[in-house]
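The lines below spell out each chain.
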Amino acid sequence: MLIDLGGRCIEYRFVRRRRRTIGIAIDANGLCVSAPMRAPWREIEAFLHQKERWIVRKLDEWGRVPRPAIVRGHSGESLPLFGTPVTLEVLTGRRAVHHQTERLLVSAPSPQRVAKVLTGWLKSQALDALTPRAAHYAARLEVAPPRVGLSNARMQWGVCTEDGTIRLSWRLVHLAPALADYVVAHEVAHLVELNHSRRFWSLLAKLYPDWRRARHQLELAGAALPIIQGAL
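Residues numbered from 1 in each chain as written. Predicted model: local features only at pLDDT ≥ 70, side-chain atom pairs only at ≥ 80, totals over all residues. Heavy atoms only, no water.

**Considering the sheet that holds strand β10 (residues 147-151)**
Move 1: Reading across from one edge, β10-β12-β11 is the order of the three strands in this open sheet, with mixed pairing throughout. A single partner strand is all that each edge strand has here, and the edge strands are β10 and β11 (158-160). Strand-to-strand twist across the sheet, computed as the mean angle between neighbouring axes with direction ignored, equals 20 degrees.
Move 2: Across five bridges, the pairing between β10 and strand β12 (residues 165-169) is parallel. By the bridge assignment, Arg-147 is partnered in β12 with Thr-165.
Move 3: Contacting β11 and β12, helix α4 (residues 177-189) runs over the sheet at an angle of about 155 degrees to β12. (Pairing = 2+ DSSP bridges. Helix = DSSP H or I, 4+ residues; strand = E, 2+ residues; numbered from the N terminus. Axes fitted to C-alpha atoms, helices over the stretch in contact; angles between N-to-C directions. Contact = heavy atoms within 4.5 Å.)

Take a look at the structure:
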């Protein structure tokens, strides 16, 4: 569907749902509008015009986010490691990865194995970096250090289970440590409050005061993370 906002013709996705209010969401795929089943069009369009400046600003913000690069495991390709770009140098040989400042030397028996070797190393780096951070935040809440595992999720950064296990996306290894820390603090707060109640957000603010900004930055940074072809 189309609407004129700020002198621009903006395309948006529209759905009707069993809800009480009109909602809008903007991400890498653009604008999505959700409305109650019987909401009249005049109210929907009036709402969008009311939010015009916010919508245009958010669309422009997302428009500046680079699309994810496809990493095929070739020399010369780049990917972020803890927020800093590194360039791949692929060699043929026994499985090994060595980080040398701005380079990542990846040795694999064949080109088909490069992605597996690379992602295996990235996962180990993620676990080594994130586990002590979880223990750090748990200590601040005076709870036992949680068991930490990894997931392959691309957009669900973390989850805390009822048995006190925290699973974190290994792709956090691409992000600046401060952003990954926000995810860890968020999940550790769930060790005490397994919900998103007011008390939960209060605990998170104690662990990570600037969580609102981090959450927003994470949303943008996550949309630009590379896609490693053949990664599990």
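**Topic: the packing of aromatic side chains**
Move 1: The tally for this structure, following the rule as stated, stands at four aromatic pairs.
Move 2: Consider the rings of Phe-14 and Trp-41, whose centres lie 4.8 Å apart with planes at 35 degrees: the pair is tilted. Taken together, the positions of Phe-14 in strand β2 (residues 8-17) and Trp-41 in helix α1 (residues 41-50) put the pair 27 residues apart, joining distant regions of the chain.
Move 3: Summarising the aromatic geometry, the rings of Trp-201 and Trp-211 are spaced 4.6 Å apart at their centres and angled 25 degrees between planes, so their arrangement reads as stacked. Of this pair, Trp-201 sits in helix α5 (residues 198-207) while Trp-211 is found in helix α6 (residues 211-223), placing the two residues 10 residues apart along the sequence.
Move 4: Under the relative-accessibility criterion, Trp-211 is labelled buried at 6%.
Move 5: Ring pairs connect the aromatic residues Phe-200, Trp-201 and Trp-211, which therefore count as one cluster.
Move 6: A cation sits over an aromatic face here: Arg-16 above Trp-41, 5.8 Å from the ring centre. (Phe/Tyr/Trp six-rings, centres within 6.5 Å; stacked < 30°, edge-to-face > 60°. Buried < 20%, exposed > 50% of the residue type's maximum accessible area, 1.4 Å probe, protein only. Lys NZ or Arg CZ within 6 Å of the ring centre and 35° of its normal.)

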